[in-house]
Amino acid sequence: MAIVDVVIIPVGTNGPSVSKYIAEIQKKLEEFKKQGKIDYQLTPMNTLIEGDLKDLFEVVQVIHELPFDKGLDRVCTNLRIDDRRDKSRKMNDKLKSVQKHLDNQGE
């Protein structure tokens, strides 16, 4: 299972806020989640998506296209992939691993 850190940047909007575009992306991600293809987590600066790498590329392509579907002429997408193949883990497993080290700092 891979994790993708993705930032979709709509360019040429009417103002500085892009939250309506991000909301559309989150709705589409929820559809993919209900299909059982991915899990995702919105953060203030990006969206994390986990799933099979093939599915993740499909999802990223779909969400990259959404601002174009809303009439924009330019979209910039930043993508970072964490694909670890020696063991299976999820986003929350990575957080638990770090927390374990934080909990053991006093020892």
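Residues numbered from 1 in each chain as written. Predicted model: local features only at pLDDT ≥ 70, side-chain atom pairs only at ≥ 80, totals over all residues. Heavy atoms only, no water.

S.K.: Teacher, can you tell me more about the sheet that holds strand β4 (residues 74–83) here?
M.R.: The strand order across the open sheet formed by 4 strands is β2-β3-β1-β4, and the pairing between neighbours is antiparallel. Two strands close off the open sheet at either side, each with one partner strand: β2 (38–42) and β4. Averaged over all neighbouring strand pairs, the angle between strand axes comes to 20°, with direction disregarded. Both β2 and strand β3 (residues 47–51) contribute to a ladder of 5 bridges, which runs antiparallel. Across the sheet, residue Ile 38 finds its bridge partner in β3, namely Gly 51. The sheet contacts of helix α2 (residues 53–69) involve β1 (2–11), β2, β3 and β4, and relative to β1 the element is tilted by about 10°. Packing of helix α3 (residues 91–103) onto the sheet brings it into contact with β1, β2, β3 and β4, and relative to β2 it is tilted by some 55°. (Pairing = 2+ DSSP bridges. Helix = DSSP H or I, 4+ residues; strand = E, 2+ residues; numbered from the N terminus. Axes fitted to C-alpha atoms, helices over the stretch in contact; angles between N-to-C directions. Contact = heavy atoms within 4.5 Å.)

S.K.: Can you help me understand the UniProt feature "domain: Thiamine-binding protein" (unreviewed entry) in the protein in this one?
M.R.: As annotated in UniProt, the feature "domain: Thiamine-binding protein" (unreviewed entry) corresponds to residues 4–99 in the numbering used here. Here residues 4–99 runs as 44% helix and 29% strand, with 21 Å between its end C-alpha atoms. (UniProt positions renumbered as here; feature names shortened; annotations may be inferred.)

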